[in-house]
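Structural characterization, general
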Amino acid sequence: MRRHLGVDLEVVTINLADQAMRAKVAALNPNSKIPVFVEGDFVLWESNAINQYLCDVTRPDLIPTEPRAKAEVNRWLFWQTAHMSPAVGASTSSA
Ligand SMILES: N[C@@H](CCC(=O)N[C@@H](CS)C(=O)NCC(=O)O)C(=O)O
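Now for a description of the structure that goes with this document. This one's a predicted model, so the numbers in the text were calculated from it and none came from an experiment.

The side chains of a regular strand alternate between both faces of the sheet. The pairing of strand 1 (residues 36–39) with strand 2 (residues 42–45) spans 4 bridges and is antiparallel. Looking across to strand 2, one finds that Val36 is bridged to Trp45. Between strand 1 and strand 2, which pair antiparallel and follow one another directly, the connecting turn spans 2 residues, one of which, Gly40, has a positive phi of 65 degrees.

A separate point is the pattern of salt bridges. In total, this model carries 2 salt bridges according to the counting rule given. Among the salt bridges present, the one from Arg59 reaches Asp61, with a minimum N-O distance of 2.8 Å. Its relative accessible area of 36% is what places Arg59 among the partly exposed residues.

Conventions used here
Residues numbered from 1 in each chain as written. Predicted model: local features only at pLDDT ≥ 70, side-chain atom pairs only at ≥ 80, totals over all residues. Heavy atoms only, no water. Pairing = 2+ DSSP bridges. Helix = DSSP H or I, 4+ residues; strand = E, 2+ residues; numbered from the N terminus. Salt bridge = Lys/Arg side-chain N within 4 Å of Asp/Glu carboxyl O. Buried < 20%, exposed > 50% of the residue type's maximum accessible area, 1.4 Å probe, protein only.

Right, dumping it as structure tokens:
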């Protein structure tokens with residue numbers, strides 16, 4: 001499957017209610033959450049870390065290097081992780 005960055009990805013749909021699938025996710029991510037990116041022996045979790053990695057290897061120009069411009073990008077990535085994702089993401093844990 002090709003996405004915005006032109007990266008060939010095999011997207012695996014995870015049914016979070018399927019305990020066997022959850023075990024596979026937990027083996028890759030100690031937080032037992034998706035998404036998880038696997039590239040050979042490189043395993044990366046946290047969606048924004050994955051996004052940044054994919055930009056770094058395909059379109060590094062999408063992430064500014066000028067400190068204030070970079071801070072503006074990071075502001076929204078951290079906001080998404082800290083506030084938006086917990087508010088809208090699926091969670092089966094009670095914590
Ligand atoms: N901060 C994480 C959040 C990941 C996350 O919450 N994923 C949800 C699906 S949207 C999940 O795996 N939930 C399963 C669970 O919490 O048991 C990220 O951005 O990757």
